[in-house]
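Here is what each chain is made of, one letter per residue.
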Amino acid sequence: MKRKLTLIIISALLFLSGCTPSSSTDDAELTIACTTYPVYLLTQAVTEQVPSTDAVLVVNQQVSCLHNYTLTMEDMKIIDQANLLVINGAGLETFLDDVLDGRTYLDASTGLDLRWNEEEGEYDPHIWMDPTLAGQMALNIATGLSSVDVKHASQYQANAAQIISELSQFQKAMKDQLTSLPIRKLITFHDGFLYFANAFDLDIVASVEEEAGAEASARRIKELSALINQYHLPSVFIEKNGSTSAANALSQECGVAVCTLDMGMNGTGNSLADYEALIQNNINTIREAYK
Ligand SMILES: [Zn+2]
């Protein structure tokens, strides 16, 4: 799965064959399928005030992250009915490998400075957890949409500029909220919080899950207990819709609290404010756990 970045750079072509409306294309409805909830929220923000665009979310399931996700018939239907598919990219959507083959899509991770995960031998795909990178994803989406829907290019670009500016201020405000945090080290559930940690000067000392979907072994619990004691951590962090058994074992062994972070793989929002709420909720959880 060492996909080279060059292979996932996209030339955003427009309407996929079979989906082009036969009438005038001037005001044709542009239906944009977005693989993940964060990509959907960013696409909503990029298409704000652009008439006749419709962003739809493909995966909105009760999952903690998408590593072991399997595409459903319903997902495929949403993708097939859309004019354009926007993906997170960076290797997150392995469940789409067969679908993407030979299909035109827009990759929101194109050109981003990705973390290389040495242990897994692949890029870390959790880019949306860093607001600065989320702004760059929005710009990629805007650039792709501009070439598909030239008529509204200036609006897409203006929206992206606004999103980047807002997310920059937002990130600074969140950082400020963490300045007096007494502990900056965290144990999280899976290794999805490294961009988030980087954005907010936090330090992930370990992830409970060594491999996606695998339960922690007794040896792993022992290692984590040692880290908890070494750094005097009052809490460990699990993830919304993720497994709780290892964290509960740690709680019993070390007396730590178990708090829940959110990767944002499902939700009911539709705007940039909902993206910010996702990040803010995680900041709040950490502040509360470590106060
Ligand atoms: Zn993940």
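Residue positions are given per chain, counted from 1 along the sequence in the order it is written. The model is predicted, so local features are restricted to residues of pLDDT at least 70 and side-chain atom pairs to those at 80 or more, both for listing and for counting; the totals for chains, interfaces and linings are taken over all residues. As a convention, hydrogens and water are excluded, and side-chain values are obtained from all of the structure's heavy atoms.

So, the pattern of salt bridges
Salt bridges are defined by distance alone: a side-chain nitrogen of Lys or Arg within 4 Å of a carboxyl oxygen of Asp or Glu. The final tally for this structure, using the stated rule, is 9 salt bridges. In this structure, Lys175 and Asp201 form a salt bridge, with 3.9 Å as the shortest nitrogen-oxygen distance. Here Lys175, found in helix H5 (residues 153-177), pairs with Asp201, found in the loop between helix H6 (194-199) and strand E8 (203-207); they are 26 residues apart in sequence, far enough to count as distant. Accessibility here uses a 1.4 Å probe with only protein chains present; expressed as a share of the type maximum, an area under 20% marks a residue as buried, one over 50% as exposed, and anything in between as partly exposed. The class of Asp201 is partly exposed, set by a relative accessible area of 48%. The salt bridge involving Lys291 is made with Glu288; its shortest N-O contact spans 2.7 Å. Through salt bridges with shared partners, a single ionic network connects Arg219, Arg220 and Glu223. Helix and strand assignments come from DSSP, with helices taken as H or I runs of at least 4 residues and strands as E runs of at least 2, each series counted from the N terminus.

Observations regarding the environment of Gly269
Mapped onto the elements, Gly269 comes out in the loop between strand E10 (257-261) and helix H9 (272-289). It is 33 Å that separates the C-alpha atoms of Gly269 and Leu233, two residues lying 36 residues apart in sequence. Only heavy atoms matter for contacts: two residues are in contact if any of them lie within 4.5 Å across the pair. The residues contacting Gly269, other than those within four sequence positions of it, are Tyr37, Tyr40, Leu41 and Asp274.

A look at helix H4 (residues 131-148)
A helix is expected to span 1.5 Å multiplied by its residue count minus one. Here H4 is 18 residues long and its end C-alpha atoms lie 26 Å apart, about the 26 Å a rise of 1.5 Å per residue gives. Where burial is concerned, most of H4 is hidden: 13 out of the 18 residues are buried. The residue sitting at the N-terminus of H4 and contributing the capping side-chain oxygen is Asp130; that oxygen lies 2.8 Å from the backbone nitrogen of Thr132. Think of a polar contact as two N or O atoms within 3.5 Å of one another; within protein, one of them needs to be a possible hydrogen donor and the other a possible acceptor, and neighboring residues in sequence only count if both atoms come from side chains.

Considering a negative patch on the surface
A grouping of Glu118, Glu119, Glu120 and Glu211 is seen on the molecular surface, where their side chains present a negatively charged patch. Looking at the element boundaries, Glu118 is found in the loop between strand E5 (116-117) and strand E6 (122-123). Every patch collects residues that have over 30% relative accessible area and no salt bridge, joining them within 9 Å if they carry like charges and within 5 Å if they are nonpolar side chains (Val, Leu, Ile, Met, Phe, Trp, Tyr). For accessible areas, the Shrake-Rupley method is used with a probe of radius 1.4 Å. Any residue's cover is judged against the shown protein chains and nothing else. The sign given to each residue is positive for Lys and Arg and negative for Asp and Glu; His and the chain ends receive no count. Charge placement uses NZ in Lys and CZ in Arg. For Asp and Glu, CG and CD serve respectively.

Some thoughts on the coordination of the zinc ion
Coordination shells were defined by N, O and S atoms within 2.8 Å of each metal, extended to 3.2 Å for Na, K and Ca; water is absent from the atom set, which can make sites look incomplete. Within the first shell, the zinc ion binds the protein through Cys65 (SG), His67 (NE2), His126 (NE2) and His190 (NE2), at distances of 1.9 to 2.2 Å. Any site counts as irregular unless it has four donors with all angles between 85 and 135 degrees, making it tetrahedral, or four or six donors with opposite ones more than 155 degrees apart and the rest between 65 and 115, making it square planar or octahedral. Taken together, the 4 donor atoms coordinating the zinc ion span angles of 102 to 119° at the metal, a pattern that classifies the geometry as tetrahedral. Linear spacing of the donor residues for the zinc ion on their chain is C-x1-H-x58-H-x63-H. Of this pair, His126 sits in the loop between E6 and H4 while His190 sits in the loop between strand E7 (185-188) and H6, placing them 64 residues apart in sequence. Across this residue pair, the class does not change: His126 and His190 are buried.

Some thoughts on the packing of helix H1 (residues 37-46) against H5
A fitted line through C-alpha atoms serves as each axis, taken over the contacting stretch for helices, and the angle formed by two N-to-C directions is quoted from 0 to 180°. Here H1 crosses H5 at 120°, and the two axes come no closer than 8 Å. Classified by the angle their axes make, H1 and H5 are oblique. Contact residues: H1 offers Leu42, Ala45 and Val46, while H5 offers Tyr156, Asn159 and Ile163. Split into classes, the residues belonging to the contact of H1 with H5 amount to 5 nonpolar, 1 polar and no charged. An angle counts as roughly parallel when it lies under 35 degrees, as roughly antiparallel when it exceeds 145, as roughly perpendicular when it falls between 65 and 115, and as oblique in every other case. Ten residues, namely Ala, Val, Leu, Ile, Met, Phe, Trp, Tyr, Cys and Pro, are considered nonpolar, four, namely Asp, Glu, Lys and Arg, are considered charged, and the remaining ones, Gly among them, are considered polar.

Quick notes on the nonpolar core
The criterion is simple. A nonpolar core is a set of buried Ala, Val, Leu, Ile, Met, Phe, Trp, Tyr and Cys residues joined through side-chain atoms within 4.5 Å. Ile187, Phe196, Phe200, Leu202, Ile286 and Tyr290 are the most contacted members of the largest nonpolar core, which totals 93 residues. It is H4 that provides the largest number of residues to this core, a total of 8 residues. Boundary definitions for the domains trace back to an automatic or database domain assignment. Three or more residues apiece are contributed to this core by two domains, here domain 1 (15-173) and domain 2 (178-289).

Concerning the packing of H4 against H5
At a minimum axis distance of 9 Å, the contact between H4 and H5 shows a crossing angle of 180°. Relative to H5, H4 is oriented roughly antiparallel. Contacts between H4 and H5 involve Pro131, Thr132, Ala134, Gly135, Ala138, Leu139, Ala142, Thr143, Leu145 and Ser146 from the former and Ala153, Tyr156, Gln157, Ala160, Ile163, Ile164, Leu167, Phe170 and Gln171 from the latter. Broken down by class, the residue content of the contact of H4 with H5 amounts to 13 nonpolar, 6 polar and no charged.

Re the pairing of strand E2 (residues 53-57)
A one-sided burial pattern is seen for E2, the buried positions being Thr53, Ala55 and Leu57 and the unburied ones Asp54 and Val56. Two strands are said to pair when DSSP picks up at least two bridges between them. Here strand E1 (residues 30-34) runs beside E2; their pairing, made up of 5 bridges, is parallel. For Thr31, the partnering residue across the bridge sits in E2 and is Asp54. In this fold, E1 hands off to H1, which returns the chain to E2; that crossover is right-handed. We call a crossover right-handed when, viewed with both strands directed away from the observer, the connection leading from the first strand over the helix to the second proceeds clockwise.

A few points about the domain arrangement of the protein
Here the protein is partitioned into domain 1 (15-173) and domain 2 (178-289). Centre-to-centre separation of domain 1 and domain 2, based on C-alpha positions: 26 Å. Each partner contributes residues to the interface: domain 1 has 38 residues there, and domain 2 has 34 residues. Each partner contributes to the roughly 3100 Å² buried at the junction of domain 1 and domain 2, and carbon and sulfur atoms together form 61% of this total. On the domain 1 side of the contact with domain 2, Tyr37, Ser64 and Met129 bury the most area, a combined 24% of that side's loss. Remark: the boundary between domain 1 and domain 2 carries 0 salt bridges. In short, buried area is how much 1.4 Å probe accessible area vanishes from two parts on joining, totalled over both.

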